[in-house]
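Architecture and fold: a report
One-letter residues, chain by chain:
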Amino acid sequence: MPKTSFNNLYSDNCFPFTIVVLERALRSKTCEEACKKSWFEAMTKETDTGGKEMDLAPLVGGGGPEPLYPPNKVMLWDDHQSRCIGELSFRSDVRSVRLRRDRIVVVLEQKIFVYNFSDLKLLHQIETIANPNGLCAVSQAGVSMVLVCPGLQKGQVRVEHYGSKRTKFIMAHDSRIACFALTQDGQLLATASSKGTLVRIYNTLDGTLLQEFHSLISPFERLVRRGTDRAEIHSLAFSSNGQWLAVSSDKGTVHVFFLKCNSGSIENSNNSSDLNSPSSSLSFIKGVLPKYFSSEWSVAQFRLAEGSQCMVAFGHQKNTIVILGMDGSFYRCEFDPMIGGDMTQLEYHNFLRPEPTS
């Protein structure tokens, strides 16, 4: 099954470059040439890039009947030169790769390696709990990197602040961590567990829980369907301004949540709480119903087929998101921050099923 992740790189001026890391999707000879250019062009155009692109991607080996590279290698592909410009080899299979302008982070099953980008010098090694999905996130803005990865216990995340040389462990969930994401400055962390019912926002400096979202359905639907609303969270993504969080899961709906904890004004958050915090309409029964009624609910939604595997990111145009499906589908959607509700589909393509030429 192909795995895809979005990764933003920042220049010295903190303008993001966008690349798409196609882990095990573009490694076979049969699909590399057919798909790679289309994915690059679509995602560098539509993802929250600030107007600059960078044609560099780490290709992880394996996948397909005729893999180009072994699964324990990372090949640094320069799409402008149409060739690999470097490689890293390991004793076990590579699970994922994360990039920023000055670092390359390679994730194995139980270890993470941090390299200097310019000379591929090894800077740091981190031991983790078993991490078959290659969970890892790195900040993109600022001089110093913030890295988040699984800790050594179930439900624990480890935060490395390289600027201050501080390590923070956060017990984010009782069950296994399924997904997490960082804001571009590394100050906020979003996490979801294998239960897939709640998404939590933490302060990475002190580990404080700042906000909690219900990731799936409305509170009254949950009351009716109690015990049947678990989901597999596929991706979490913050907007570049830290005001919104997008979530995708196997339930087939992409949700967008409003972040009070990073909105810039407590007064503005309070004044708009009736719109942006659907739980506020239930405040009169808070303390009577179970705890999940006090968590907050999504502002906007976009519905796909249930069971769809997709990744989500925010577009460079205001209030837009892009959705990248594992079946090759690409959606660009717009949400109304004032009205909320169903998003408007602006664009659709499927790069594995090219449109017929006239």
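Before any of the text, the structure's been laid out above.
All of the points below concern the structure found in this document. (Residues numbered from 1 in each chain as written. Predicted model: local features only at pLDDT ≥ 70, side-chain atom pairs only at ≥ 80, totals over all residues. Heavy atoms only, no water.)

Remarks on the overall build of the protein chain
For the protein chain, the count of helices and strands is four helices and 26 strands. Among the 358 residues that make up the protein chain, the fraction classed as buried is 55%. For the protein chain, long-range pairs separated by at least 24 residues make up 46% of all intrachain contacts whose partners lie at least 6 apart in sequence. Carbon and sulfur atoms make up 49% of the accessible area of the protein chain, which totals about 16300 Å². (Helix = DSSP H or I, 4+ residues; strand = E, 2+ residues; numbered from the N terminus. Buried < 20%, exposed > 50% of the residue type's maximum accessible area, 1.4 Å probe, protein only. Contact = heavy atoms within 4.5 Å. Areas by Shrake-Rupley, 256 points an atom, 1.4 Å probe, with all protein chains shown as cover.)

A closer look at the packing of aromatic side chains
Following the criterion strictly, the structure yields 10 aromatic pairs and no others. Geometrically, the ring pair formed by F314 and F335 is edge-to-face, given 6.5 Å between the ring centres and 75° between the ring planes. With F314 in strand β22 (residues 310-314) and F335 in the loop between β24 (329-334) and β25 (341-342), the pair connects residues that are 21 residues apart, well separated along the chain. The class of F314 is buried, set by a relative accessible area of 6%. A residue is classified by how much of its surface remains accessible, and F335, at 3% relative accessible area, is buried. Taken together, W244, F258, F314 and F335 form an aromatic cluster joined through their ring pairs. (Phe/Tyr/Trp six-rings, centres within 6.5 Å; stacked < 30°, edge-to-face > 60°.)

What to know about the nonpolar core
By size, the foremost hydrophobic cluster in this structure holds 19 residues, and its most contacted members are V254, V256, F302, I321, I323, F335 and M343. Of all the elements in the fold, those that place two or more residues in this core are β19 (244-249), β20 (253-258), β21 (300-303), β22, β23 (320-325) and β24. Formed by 15 residues, the second largest nonpolar core is a distinct cluster that contains A181, L188, V199 and F238. (Core = buried A, V, L, I, M, F, W, Y, C linked by side-chain atoms within 4.5 Å.)

As for unusual backbone geometry
For L120, which is not glycine, the phi torsion reads 60° and is therefore positive. The phi torsion at N319 lies on the positive side, around 60°, for a residue other than glycine. As for its placement among the helices and strands, N319 is situated in the loop between β22 and β23.

With respect to the pattern of salt bridges
The full count for this structure, using the stated rule, is nine salt bridges. With its nearest N and O atoms 2.9 Å apart, the salt bridge here joins E87 to K73. With E87 in strand β5 (residues 83-89) and K73 in strand β4 (residues 73-78), this residue pair connects regions lying 14 residues apart in the sequence. For E87, a relative accessible area of 39% gives the class partly exposed. The class for K73 is partly exposed, based on a relative accessible area of 23%. As a salt-bridge pair, R303 and D342 come within 3.3 Å of each other at their nearest N and O atoms. Separated by 39 residues along the polypeptide, R303 in strand β21 and D342 in strand β25 bring together distant segments of the chain. Taken individually, R303 and D342 each receive the classification exposed, so the pair is uniform in this respect. Among the charged side chains, a network of salt bridges with common partners joins R100, D102 and R103. (Salt bridge = Lys/Arg side-chain N within 4 Å of Asp/Glu carboxyl O.)

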